[in-house]
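# Topology and contacts: notes
So you can see what is in the structure, the chains are spelled out below.
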Amino acid sequence: MNNISPAAHDDLESTLKWLQCEYEEDGEGFWANQNIITKAYEDHELFVLKVDGLSVAALVGGDTGIDILTVKKEYRGTGLGKQLAQFAIEKIRSNDICVITIRCAPTTSAPFWEQLGFKRNYCSDEKYITASLVLEHKHDLPSGAKKEDVVVKMYSEHALRNPEANPLKEWKVNSIRSEDGRLILEKRIVFFHAGRQHDSDLVAEIIVNGKTLIRDKVKYDEMSNFGMDQADCGTYYLAQTIQ
């Protein structure tokens with residue numbers, strides 16, 4: 001695996017140099033974002049991937065999101081972009097982030113992100129493509145402990161008036177019950193729906209061993225008491241512990 005590290009000043013200069021050369025050749029690339037890249041270096045948010053000691057790919061972000069990811073032309077198609085993207089994804093996951101949303105720039109980069117598991121979001125402006133990746137957070141359950149079945153369903157708000165409504169999404173996970181009575185899930189449950197970014201009236205249902213514990217709007221305090229929370233606009237998650 002090639003070396004990925006925070007950029008030193010020499011890395012910044014060499015990266016900007018090849019970005020400028022590419023822009024002068026065909027007018028493409030991230031040279032127009034040189035001020036953003038320089039600011040990222042100053043804020044310790046610029047990472048580079050090196051081959052034979054030279055910077056050939058750069059990443060802006062990596063703590064909570066991905067702002068820029070670029071690979072020098074002659075190294076594209078060699079897997080370096082994927083390697084740098086996976087580095088960023090794991091770095092973001094380690095910061096307890098639920099969802100990564102990126103803007104595909106240029107738009108022809110969308111298939112690259114889709115190969116990494118990102119899903120395109122609906123956008124009325126065809127000039128832009130955004131895509132999102134839901135990050136899985138697993139929890140190792142103690143071996144030998146009795147498992148309890150947990151089902152979580154997410155609905156549109158119409159489900160409160162229609163008991164037969166089909167869920168937008170459904171999860172089935174194992175859990176164990178701790179000594180204090182809480183349920184510990186094997187993974188965090190994350191619901192992200194880009195088409196519902198401004199919908200605050202989603203309905204969640206939590207079922208344990210076939211019995212519904214709660215079925216109500218996610219925005220209500222009672223639901224948060226069960227561990228449901230909102231990470232950011234359009235993203236809801238159920239913490240790995242149910243009270």
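None of the values given here were measured: they were computed from a predicted structure. (Residues numbered from 1 in each chain as written. Predicted model: local features only at pLDDT ≥ 70, side-chain atom pairs only at ≥ 80, totals over all residues. Heavy atoms only, no water.)

## What to know about the overall build of the protein chain
A tally of regular secondary structure across the protein chain gives five helices and 16 strands. The principal-axis extents of the C-alpha atoms in the protein chain amount to approximately 65 × 45 × 30 Å. Within the protein chain, buried positions represent 45% of all 243 residues. Once local pairs closer than 6 in sequence are excluded, the contacts in the protein chain between residues at least 24 apart make up 60%. (Helix = DSSP H or I, 4+ residues; strand = E, 2+ residues; numbered from the N terminus. Buried < 20%, exposed > 50% of the residue type's maximum accessible area, 1.4 Å probe, protein only. Contact = heavy atoms within 4.5 Å.)

## With respect to helix α3 (residues 80-94)
Within an α-helix, residues lying three or four positions from one another point in the same direction, as the helix has 3.6 residues per turn. Taking 1.5 Å per residue, 15 residues should reach 21 Å; α3 reaches 21 Å between its end C-alpha atoms and fits that length. Buried within α3 are the following residues: Leu80, Gly81, Gln83, Leu84, Ala85, Ala88, Ile89 and Ile92. (Expected span 1.5 Å × (residues − 1).)

## A closer look at the environment of Lys187
Of note, Lys187 is situated in the loop between β10 (183-185) and β11 (189-192). Note: C-alpha distance between Lys187 and Lys138 (49 residues apart in sequence) is 4.1 Å.

## What to know about the sheet that holds strand β12 (residues 203-208)
Strand order in the open sheet formed by six strands is β13-β12-β8-β9-β10-β16, and the pairing between neighbours is antiparallel. The sheet terminates laterally at β13 (211-217) and β16 (241-242), the two strands that pair on one side only. Of the pairings in the sheet, the one linking β12 to β13 comprises six bridges and is antiparallel in character. Paired with Val203 across the strands is Lys217, a residue of β13. (Pairing = 2+ DSSP bridges.)

## As for the sheet that holds strand β3 (residues 54-61)
Read across the sheet, four strands follow the order β1-β2-β3-β4 without closing on themselves; strand pairing throughout is antiparallel. At either margin of the open sheet sits one strand with a lone partner, and together these are β1 (3-6) and β4 (66-71). For this sheet, the mean inter-axis angle between neighbouring strands, taken without regard to orientation, is 25°. In the sheet, β1 pairs with strand β2 (residues 46-51) via four bridges, with the strands oriented antiparallel. Bridge pairing links Asn3 to Lys50 in β2. Against the sheet, helix α1 (residues 9-26) touches β1, β2, β3 and β4, its axis set at about 95° to β3. (Axes fitted to C-alpha atoms, helices over the stretch in contact; angles between N-to-C directions.)

## Thoughts on the packing of aromatic side chains
The full count for this structure, using the stated rule, is four aromatic pairs. Judged by centre distance (5.0 Å) and plane angle (80°), the ring pair of Phe112 and Trp113 falls under edge-to-face. The class of Phe112 is partly exposed, set by a relative accessible area of 25%. Taken together, the ring pairs connect Phe112, Trp113 and Phe118 into an aromatic cluster. Lying over the aromatic face of Tyr155, Arg215 brings its terminal NZ or CZ to 4.5 Å of the ring centre. (Phe/Tyr/Trp six-rings, centres within 6.5 Å; stacked < 30°, edge-to-face > 60°. Lys NZ or Arg CZ within 6 Å of the ring centre and 35° of its normal.)

## Brief notes about the layout of surface pockets
The calculated volume of the largest pocket comes to roughly 870 Å³. Lining the largest pocket are 33 residues, with Phe30, Leu69, Ala105, Pro106 and Ser109 positioned closest to its centre. Among the secondary structure elements, those contributing two or more residues to the lining of the largest pocket are α1, β4, α3, β5 (99-103) and α4 (110-115). A per-element tally of the lining of the largest pocket places β4 first, with six residues. Considered class by class, the residues forming the lining of the largest pocket number 14 nonpolar, eleven polar and eight charged. (1 Å grid on protein atoms, 1.4 Å probe; cavity = no way out; pocket = protein on both sides within 12 Å on 5 of 7 lines; lining within 4 Å. Points joined across faces, edges and corners; volume = space filled by probe spheres on them. Nonpolar A, V, L, I, M, F, W, Y, C, P; charged D, E, K, R; others polar.)

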